[in-house]
Structure formats: C-alpha cells, structure tokens
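# Survey of secondary and tertiary structure
Below are the chains, spelled out letter by letter.
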Amino acid sequence: MLVDLISGLFIGAGGLFVLIGALGIIRLPDVFSRMQSVSLIETVGAGLLCMGFIVKVGFSLVGLKLILLLTIIFFLGPVVTHAVAQAALAAGVKPLLVHDRRSAATKADAQPVSASVDKIKTPNVKASVKKALPKSGSKKADI
Amino acid sequence: MYLFATIAILIAMCCAVARAVVGPNIFDRMLAANTIGSLAVLLLVCFGFLMGRPEWLDIALTYGLLNTAATLTVLKYYRHGDLSVDADHEKGADDAG
C-alpha cells in the first residue's frame, strides 16, 4: 500500500513535469530557450517516472533495466542538447535573449542582430504551418 | 496513475510534433525529433506497465540508444557537411604539426 502511494506520487510528478516541458516547447521563443524545457523533460521528467517504476517493482531484473534506462536518458539527453546548441551556434543562429551584464560599455556589442532575430521569432502556429515547409528547404541549402 | 503519465506523454509528443512541423530552423526540428524519441522511450515504459508487460523495457533500451546515435549523426552532418570529418584533428592540426 505504501509502495503504491510513493510510486504513484513519483509517477504523477513525472507526468506533471513532462507536461510543463511540453508547454515550454510550444511557448518559448528561441531554439536555445526551448532546449531548456527539453532538458527538463529528459532529466526531471524521465528521472521521476523511472524512479516511480523502480519503487514499484523493487529489486528485480525489471528494476535493473529501469536503472539502465534512467542512466542512458539522464546522461545522453544533455549530450544531445549540447550538440544541438553547438551546431546551432556554429551555423550562425543568434540567441534571441542575449543579455550581456558584464558592463554597460559593451552593451552595443551585446545587441542581437535584428535581421536574423526576425526570422527566428515564434511564428503564429495556425498561419505558418504551410509557410514553414518551403522555407525549410531554402534554409537547409543556406546552412 | 499509469494512465495519467501515458496521457501526459502523449500530449507532450503532440506538442513536439507541432514544433517539428512549425519550427523555423533545422535545429528546432532536430531538437523536436530528439524529444519525440525520448518521449517514445518513456511511453514504451509507461505503456508496458499499463498493459502489465514490463518486457517492453528491452525495446525501450534499444530505442533510446538508437535515438541518441541518430540525432548526433544528423547534427554532425549539418555542422561539418561530411560524416567522415575528424573534428579533433582539424582543430589541433597546427599543434600536432
């Protein structure tokens, strides 16, 4: 009974964190800020879900497989996110929310390039589903 | 509670698919594809427990490893334009002489 309660709490919290991360994927404005909510899903959401299932099954072969799966997701998810960030920076995608707090003198340098920012802004979902597909072809050739 | 987690994962997968269709960059699409893969692993685990068949964890393990390898491969292709490039050698070419 207690085991069911604890594992239910863990699994419910994990589902909640997955939902919050999905909201972030839709709502956040930039690829670099969307990465944050993706890593929320991959570390906290997956961690809590797998922890709930581990509590449920106890020490067994299934529990060992769950620990292995948790290790894989927990360590390889941030690796992939880091690779996406590095590839996006190398391809010239500017972070939308760049803000240099080191000094006021370098403030002019820290302003994002306006031309590329307009392209990256969150599109209206209804309007740009059909528009985004041909645009991606030219963008791919660009990179 | 298994049902709630399964439905939450399905809703999150719908959001990731919408982002993969809409996303302006190729990197948005890659991030969304990787998210869909990770959520598919979690969905396999949840659905296996929901149906009372935890043997599906083997499929989930294989899928997780394949997902990471596929994403890293596509990202390497988009970064260097070539899959056989040696990034470390390229960077330290001057030091190595």
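Our subject is the structure listed above.
Moving on, we come to the packing of helix 1 (residues 2-27) of chain A against helix 1 (residues 2-22) of chain B. For any two helices packed against each other, one specifies the crossing angle of their axes together with the interaxial distance. Helix 1 of chain B packs onto helix 1 of chain A with a crossing angle of 15 degrees between their chain directions and a minimal axis gap of 9 Å. By the angle between their axes, helix 1 of chain A is roughly parallel relative to helix 1 of chain B. Read as a crossing pair, helix 1 of chain A and helix 1 of chain B show a hand that is left-handed. Of the residues in helix 1 of chain B, those in contact with Ile11, Gly12, Gly15, Leu16, Val18, Leu19, Ala22, Ile25 and Ile26 of chain A of helix 1 of chain A are Tyr2, Phe4, Ala5, Ala8, Ile9, Ile11, Ala12, Cys15, Ala16, Ala18 and Arg19 of chain B. Residues that form the contact of helix 1 of chain A with helix 1 of chain B fall into these classes: 17 nonpolar, two polar and one charged.

All names here are of chain A. With respect to the helices, strands and loops of the structure, Ser7 is situated in helix 1. Of the residues examined, Ser7 reaches a relative accessible area of 4% and is grouped as buried. From its side chain, Ser7 meets the backbone oxygen of Asp4 in a polar contact 3.2 Å long.

Here we take up the side chain of Ser38 of chain B. With respect to the helices and strands, the residue Ser38 of chain B is situated in helix 2 (residues 26-50). Ser38 of chain B sits in the buried class, given a relative accessible area of 10%.

Residue and element names in this part refer to chain A. For Leu97, the location among the structural elements is in the loop between helix 3 (61-90) and helix 4 (107-110). According to the relative accessible area criterion, Leu97 is exposed, its value standing at 59%. Considered as a pair, Leu97 and Pro29 are 68 residues apart in the sequence and their alpha carbons are 8.9 Å apart.

Moving on, we get to the interface of chain B and chain A. Accessible area lost on assembly of the parts is the figure often given for the size of an interface. The interface is formed by 42 residues belonging to chain B together with 52 residues belonging to chain A. Carbon and sulfur atoms supply 80% of the area buried between chain B and chain A, which totals about 4300 Å² over both sides. Area buried by chain B at its contact with chain A is led by Arg19, Phe27 and Leu31 of chain B, which between them contribute 15% of it. Inspection of the region where chain B meets chain A yields two salt bridges.

It is worth spelling out helix 1 of chain B at this point. Compared with an ideal rise of 1.5 Å per residue, which puts 21 residues at 30 Å, helix 1 of chain B spans 30 Å between its outermost C-alpha atoms and is within 8% of the ideal. Restricting attention to buried positions, one finds in helix 1 of chain B the residues Tyr2, Ala5, Thr6, Ala8, Ile9, Ala12, Met13, Cys15, Ala16, Arg19 and Val22 of chain B.

Procedures and definitions
Residues numbered from 1 in each chain as written. Chains lettered and ligands numbered in written order. Predicted model: local features only at pLDDT ≥ 70, side-chain atom pairs only at ≥ 80, totals over all residues. Heavy atoms only, no water. Axes fitted to C-alpha atoms, helices over the stretch in contact; angles between N-to-C directions. Helix = DSSP H or I, 4+ residues; strand = E, 2+ residues; numbered from the N terminus. Parallel < 35°, antiparallel > 145°, perpendicular 65-115°, else oblique. Left-handed = near helix turned anticlockwise from the far one by under 90°. Contact = heavy atoms within 4.5 Å. Nonpolar A, V, L, I, M, F, W, Y, C, P; charged D, E, K, R; others polar. Buried < 20%, exposed > 50% of the residue type's maximum accessible area, 1.4 Å probe, protein only. Polar contact = N/O pair within 3.5 Å; in protein donor to acceptor, adjacent residues only side chain to side chain. Buried area = accessible area lost by both parts, 1.4 Å probe. Salt bridge = Lys/Arg side-chain N within 4 Å of Asp/Glu carboxyl O. Expected span 1.5 Å × (residues − 1).

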